[in-house]
Amino acid sequence: MHFQLAWRNIWRNPKRTVVIMTAIIIGVWSMIFLGALMRGISDGMVRNGIATLTGHIQVHHKGYRNDPVVENSMIDPEVVKTAMERVLPAGAQWASRVRVNAVANNARHTAGVTFVGIDPAREARISFIGKAVTEGRYLRDDDKYGIVAGKALVDKFETKLGRKIIMMSQDTDREIASRAFRIVGIFEAEMQSTEKQFIFVTKTAAQHMLKLENGISEISIILPDQEGVKQVADNLRAAVPSADYEVQTWRELLPLITAYLAIYDGFMYIWFIVVFIAMGFGIVNTTLMAVFERIREFGLFKALGMKPRWIIKEVLAESFFILLIGTAIGNVLSFLSVFALSGNGIDLSALASGLEFAGMSRIIYPAIYSHDVIVANLVVFILGLLVSVYPAVKAARFTPVEALTHT
Amino acid sequence: MNIVECADVKKTYQQGKIVVTALGGVSLSIEKGGFVALAGPSGSGKTTMLNIIGGLDSADSGRVTVNGSTLGKMNQSELASLRLHNIGFVFQAYNLIPVLSALENVEFVMLLQGVPPAERRERAKNILDDVGLEDTYNRRPAEMSGGQQQRVAVARAIVSDPAIVLADEPTANLDSKTGQGLLEMMKEMNEKKKVTFIFSTHDKMVMDYARRLVLIRDGLVAGDEIR
Ligand SMILES: Nc1ncnc2c1ncn2[C@@H]1O[C@H](COP(=O)(O)OP(=O)(O)O)[C@@H](O)[C@H]1O
Ligand SMILES: [Mg+2]
């Protein structure tokens, strides 16, 4: 009967109850939905960062990260391969690359680029480039002089498919190596900076040009499960000679994104609290109004022998119902909103150059993290009940005589 | 045996800067099973007296004993418990919880007392039948007449066999015919169930129902007659 009493009491003034429920619904919706958008943005950044040649884990020759020159290549990567065979979980993919700074030029233009020699089949399984070619074709193992360049670079060079680009870089003998390649494919990427930065040839072509023989610059690994990255990296680090090799996870390789993620986490909780504060005032206010309208009734409760504790429980039960319904509807609405956007995402291409600056993807896919949903609901529920304690205690404090003479 | 004992009970109220004496030293004993009217003009101290006996208000001095317990020594929680188990109240108006039906209003006290649901329901129905409300179990207060509401209040007050029922001008908001009906019902309950009733009134007609009439004037007992 207590719950019945509380339930009926909240519908004595349906308008007021609906208003405060709406406030809670909007609050919960904005917490979960906007939270999901923020998670979508950060997920996009991470996905992008990992796909743009980073992978989950990379192995380099010691010193390469500080000075990515050809001398810091892994001359005999066999030992790493054997180690990987031992420690990588089933389903893990890896590819090795030659990766050096180079100068690209044609008759009219010159640009500094990252020159990447890849194993076409393996590379396609771990990074964006396998699916990024929009004009011409992707590299083939037998492409001795074929090159795949980004659309932005091709446009800047005022060139097109089938034309030549000359690449220049330092070879292992510290001589300038240079070689002409022909554009066989043009790729597009999330970000223009990616299109301008990377130029791809086959690994053999790069090794030949730089006189590297079997040497490579880096090995990039994608694991089937992102959760296990740290553990696998530790295992791999222990399995390769530490004097010669460095093993790093994407978190270490993308420090800016890692920092963003931490900021986003904090920002999310600040956001929750801000929304709650606005909502909390509404809850206190409504509950106080509902209590002051019923002073007489609380006097009656007391005259009947109801203890203050019970009166507090009764008022809290009313808040409980309002919070329960409000959060339930808020959750459903936010899940529906996220679901509606999960197919196509939110396309922000129009703002692409601005977003790119912040490292964001062009399309945001909202991502619901169960952890965020739980925190949002707990914040609303627990704090909502906590702020209702004040009006509830007020209700319990009226003395029967003053309450009963109150008109 | 006396169910209520008051000895030299005094009570003053502060009204702004003036001190108003509501009770100037009332001594009164009320026997078990009595049907007693506190009669007197408005402002004479009837409500104050009933509130003090019921433990809703406290006396400034003097001694009040209800069913063997001395009220002055009890804390708020003990007083609440005394009211819950030993005292039934009927006020002039707004006696009922608006969102509960007649039946639920009567059940409510038993809920607080911890009576199991089936027994609660059974006893509430019986008592409503006794006060002549067998057709209004499921009506909310707003759907009942003033007389019916007061009957529900009486039913609720007596349902768990309290030591006393305190009724403060229970008929003041009723027309005289309905008021008489209510008093007759109260008297019947008093005789049938041996419940002690103490009620206040300033209405001559109501006084005639009492078996004992205590006259209150200016916060003092001005007369005490058995009919
Ligand atoms: N809460 C209060 N504050 C101040 N004065 C009060 C209060 N309650 C009663 N009084 C005063 O005490 C006196 C007795 O009041 P009351 O017991 O209500 O009389 P009755 O019920 O016989 O009309 C009156 O003068 C009234 O004004
Ligand atoms: Mg009065």
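Sequence order as written defines the numbering, with residues in each chain counted from 1. Here every chain gets a letter starting at A, and every ligand a number starting at 1, in the order they are written. With the structure being a predicted model, the display of local features is reserved for residues of pLDDT at least 70 and the display and counting of side-chain atom pairs for 80 or more, all residues being used for whole-chain, interface and lining totals. Excluded from the side-chain calculation are hydrogens and water; included are all heavy atoms of the structure.

A.B. asks: Help me understand the overall build of chain B, please; the structure alone is not making it clear to me.
C.D. replies: Secondary structure elements follow DSSP: runs of H or I no shorter than four residues count as helices, runs of E no shorter than two count as strands, and numbering proceeds from the N terminus. When you go through chain B residue by residue, the secondary structure sums to seven helices and ten strands. Projected onto its principal axes, the C-alpha positions of chain B cover 45 × 40 × 40 Å. Buried, partly exposed and exposed residues are distinguished by accessible area as a fraction of the type maximum, computed with a 1.4 Å probe on protein chains only: under 20%, between the cut-offs, and over 50%, respectively. Counting across all 227 residues of chain B, residues that qualify as buried make up 55%. For chain B, the computed accessible surface area is about 9600 Å², with 47% contributed by carbon and sulfur atoms. Lys and Arg are tallied as positive, Asp and Glu as negative. Neither His nor the chain termini are counted. Working definition for charges: the position is that of NZ of Lys, CZ of Arg, CG of Asp or CD of Glu. With 26 positive and 27 negative side-chain charges, chain B shows a separation of 2 Å between the mean positions of the two kinds. To measure how exposed things are, a 1.4 Å probe is used in the Shrake-Rupley method; for residues, cover is taken only from the protein chains shown.

A.B. asks: Could you clarify how one ought to interpret the overall build of chain A in this entry?
C.D. replies: The secondary structure content of chain A amounts to 15 helices and twelve strands. Based on C-alpha atoms, the radius of gyration is set beside the globule rule, defined as 2.2 Å times the residue count to the power 0.38. Since a compact globule built from 407 residues should have a radius of gyration of about 22 Å, the 31 Å found for chain A marks it as more spread out than a globular shape. The proportion of buried residues among the 407 residues of chain A is 53%. Accessible surface computed for chain A: about 18900 Å², of which carbon and sulfur atoms make up 60%.

A.B. asks: Teacher, can you tell me more about unusual backbone geometry here?
C.D. replies: Where the residue is not glycine, phi is negative for most of them; where a peptide bond is considered, it is trans in most cases. Residues and elements named next belong to chain B. Not every positive phi belongs to a glycine, and Asp 161 is a case in point at roughly 45°. Here Asp 161 is to be found in the loop between α5 (146-158) and β7 (164-168). A relative accessible area of 56% means that Asp 161 is categorised as exposed.

A.B. asks: Looking at this structure, I do not really get the interface of chain A and chain B. What am I missing?
C.D. replies: Note on interface size: it is often stated as the accessible area lost on association of the parts. Whether two residues are in contact is decided by their heavy atoms, any of which lying within 4.5 Å being enough. With 21 residues of chain A at the interface, the matching set in chain B holds 27 residues. As a working definition, buried area equals the accessible area (1.4 Å probe) given up by two parts on being put together, with both sides summed. Both faces combined, the contact of chain A with chain B buries some 2200 Å², and carbon together with sulfur accounts for 72% of it. Contact with chain B buries surface across chain A, with A:Met1, A:Arg8 and A:Leu304 losing the most and accounting together for 32% of the total. Put simply, a salt bridge is a Lys or Arg side-chain nitrogen that is within 4 Å of an Asp or Glu carboxyl oxygen. Measuring nitrogen to oxygen at the nearest pair gives 2.6 Å for the salt bridge that ties A:Arg8 to B:Glu104. Any pair of nitrogen or oxygen atoms within 3.5 Å is treated as a polar contact; in protein, a donor-acceptor pairing is required on top of that, and neighbouring residues in sequence qualify only through side-chain atoms on both sides. Counting every contact that joins chain A to chain B gives four residue pairs in polar contact (both at pLDDT 80 or more).

A.B. asks: Any chance you could explain the site of ligand 1 here in plain terms?
C.D. replies: Residue and element names in this part refer to chain B. Whether a residue is near a molecule or strand depends on its heavy atoms: if one lies within 4 Å, it is near. Neighbouring ligand 1 are the residues Tyr 13, Gln 15, Val 20, Ala 22, Pro 41, Ser 42, Gly 43, Ser 44, Gly 45, Lys 46, Thr 47 and Thr 48. In this structure, an oxygen atom belonging to ligand 1 sits 3.0 Å away from a main-chain N or O atom of Gly 45. Between ligand 1 and Thr 48 there is a distance of 2.5 Å, counted from an oxygen atom to a side-chain nitrogen or oxygen. Taken by itself ligand 1 offers 560 Å² of open surface, and the protein chains cover 69% of this. Those elements that place two or more of their residues in the shell around ligand 1 are β1 (2-15), β2 (18-31) and α1 (46-53). Of the residues forming the shell around ligand 1, the biggest block, three residues, is contributed by α1.

A.B. asks: I keep staring at the environment of B:Val109 and nothing clicks. Help me out?
C.D. replies: Assignment of secondary structure puts B:Val109 in helix α3 (residues 102-113). Between the alpha carbons of B:Val109 and B:Val159 there is a distance of 8.5 Å; along the sequence they are 50 residues apart. Once residues within four sequence positions are removed from consideration, B:Val109 is found in contact with A:Leu304, B:Leu84 and B:Arg156.

A.B. asks: Hey, could you run me through the domain arrangement of chain A in this one?
C.D. replies: Residues and elements named next belong to chain A. All domain edges in this entry derive from an automatic or database-based domain assignment. Each assigned domain of chain A is listed with its residue range as follows: domain 1 (2-49 + 257-404) and domain 2 (55-250). Computed over C-alpha atoms only, the centres of domain 1 and domain 2 are separated by 49 Å. Of the residues lining the interface, eight residues belong to domain 1; the matching set on domain 2 comes to seven residues. Counting each side, the surface lost to burial between domain 1 and domain 2 is near 680 Å², with a carbon and sulfur contribution of 50%. Our count for the domain 1 to domain 2 interface comes out at zero salt bridges. At the level of secondary structure, the elements contributing two or more residues to the side of domain 1 that touches domain 2 comprise α2 (14-54) and α10 (255-292). Residues were grouped as follows: Ala, Val, Leu, Ile, Met, Phe, Trp, Tyr, Cys and Pro as nonpolar; Asp, Glu, Lys and Arg as charged; and all remaining residues, including Gly, as polar. Looking at the side of domain 1 that touches domain 2 residue by residue, the classes come out as three nonpolar, three polar and two charged.

A.B. asks: Whenever I open this one, the packing of α2(A) against helix α12 (residues 308-342) of chain A confuses me. Can you help?
C.D. replies: For any two helices packed against each other, one specifies the inter-axial angle together with the distance between the axes. Residue and element names in this part refer to chain A. In contact at an axis separation of 7 Å, α2 and α12 are set at 40° when each is read in the N-to-C sense. The orientation of α2 with respect to α12, classified from their angle, is oblique. Pair α2 / α12 crosses with right-handed handedness. Simply put, an axis is a line fit to the C-alpha atoms, just over the touching stretch for a helix, and the angle between two N-to-C directions goes from 0 to 180 degrees. Here the word oblique covers every angle except those under 35 degrees (roughly parallel), over 145 (roughly antiparallel) and from 65 to 115 (roughly perpendicular). A clockwise turn of the near helix away from the far one marks a right-handed crossing, whereas an anticlockwise turn of less than a right angle marks a left-handed crossing.

A.B. asks: Would you mind going over the sheet that holds strand β8 (residues 196-201) of chain B with me for this structure?
C.D. replies: Strand-to-strand pairing in sheets goes through backbone hydrogen bonds, with the strands running parallel or antiparallel. All names here are of chain B. Two strands qualify as a pair provided DSSP detects at least 2 bridges between them. Ordered by their spatial adjacency, six strands build an open sheet running β6-β7-β8-β3-β9-β10, and the pairing between neighbours is mixed. Lying at the two open borders of the sheet, with one neighbouring strand each, are β6 (87-90) and β10 (220-226). This sheet shows a mean twist of 15° between the axes of neighbouring strands, independent of strand direction. Here six bridges tie strand β9 (residues 212-217) to β10, and the two strands are oriented antiparallel to one another. Bridge assignment links Arg 217 to a residue of β10, and that residue is Leu 220. Here α5 sits on the sheet in contact with β6, β7 and β8, set at roughly 170° to β6.

A.B. asks: Can you help me understand the confidence of the model for chain A in this one?
C.D. replies: Confidence per residue, as judged by the predictor, is encoded in pLDDT with a range of 0 to 100. Chain-level statistics for chain A give a pLDDT mean of 91 and a share of 96% at 70 or above. For chain A, the element scoring lowest by mean pLDDT is helix α13 (residues 352-357) of chain A, at 59; strand β8 (residues 198-202) of chain A scores highest, at 97.

A.B. asks: When you look at the packing of aromatic side chains in this model, what are you seeing that I'm missing?
C.D. replies: Ring pairs (aromatic) are described by centroid distance and by the angle formed between their planes. Residues and elements named next belong to chain A. Whether two aromatic rings pair depends on their centres lying within 6.5 Å, for rings of Phe, Tyr and Trp, where Trp uses its six-membered ring; planes under 30 degrees apart make the pair stacked, over 60 edge-to-face, and the rest tilted. Applying the stated rule across the entire model yields 20 aromatic pairs over all chains. Members of the aromatic cluster, each reached through a chain of ring pairs, are Phe 3, Trp 7, Trp 11, Phe 320, Phe 321 and Phe 381. Whether a charge sits over a ring depends on NZ of Lys or CZ of Arg being within 6 Å of the ring centre and within 35 degrees of the ring normal. In this structure, Arg 39 packs its charged tip against the face of Tyr 369, placed 4.9 Å from the ring centre. Across the ring face of Trp 310, the terminal group of Lys 313 is positioned such that the distance to the ring centre comes to 5.3 Å.

A.B. asks: What should I look at first to understand the sheet that holds strand β5 (residues 69-70) of chain B in this one?
C.D. replies: All names here are of chain B. Strands sit in the order β2-β1-β4-β5 across an open sheet of four strands; the sheet is antiparallel. Because the sheet does not close on itself, it has two edges, and the strands there are β2 and β5. Packing against the sheet, α1 makes contact with β1, β2 and β4 (61-66), and its axis sits at approximately 120° to β1.

A.B. asks: Is there a simple way to think about a nonpolar patch on the surface in this case?
C.D. replies: Excluding any residue in a salt bridge, patches collect residues exceeding 30% relative accessible area, merging like charges within 9 Å and nonpolar Val, Leu, Ile, Met, Phe, Trp and Tyr side chains within 5 Å. A contiguous nonpolar patch, built from A:Ile374, A:Leu378, A:Ile382, A:Leu386 and A:Val389 and spanning about 450 Å² of accessible area, is present on the exposed surface. Its place among the elements puts A:Ile374 in helix α14 (residues 370-397).

A.B. asks: Can you help me understand the side chain of B:Glu169 in this one?
C.D. replies: Residues and elements named next belong to chain B. Relative to the helices and strands, Glu 169 resides in the loop between β7 and α6 (176-193). Given the relative accessible area of 11%, Glu 169 is considered buried. Filtering out sequence-adjacent residues up to four positions away, Glu 169 remains in contact with Lys 46, Gln 92, Ser 200, Thr 201 and His 202.

A.B. asks: Explain the packing of helix α11 (residues 295-303) of chain A against α12(A) to me, please; I cannot follow it from the model alone.
C.D. replies: All names here are of chain A. Closest axis-to-axis distance for the α11/α12 pair is 10 Å, and the angle between their directions is 140°. In terms of axis orientation, α11 runs oblique to α12. For α11 against α12, the interelement crossing comes out right-handed. Contact residues: α11 offers Phe 298, Phe 301 and Lys 302, while α12 offers Pro 308, Ile 311 and Val 315. Considered class by class, the residues forming the contact of α11 with α12 number five nonpolar, no polar and one charged.

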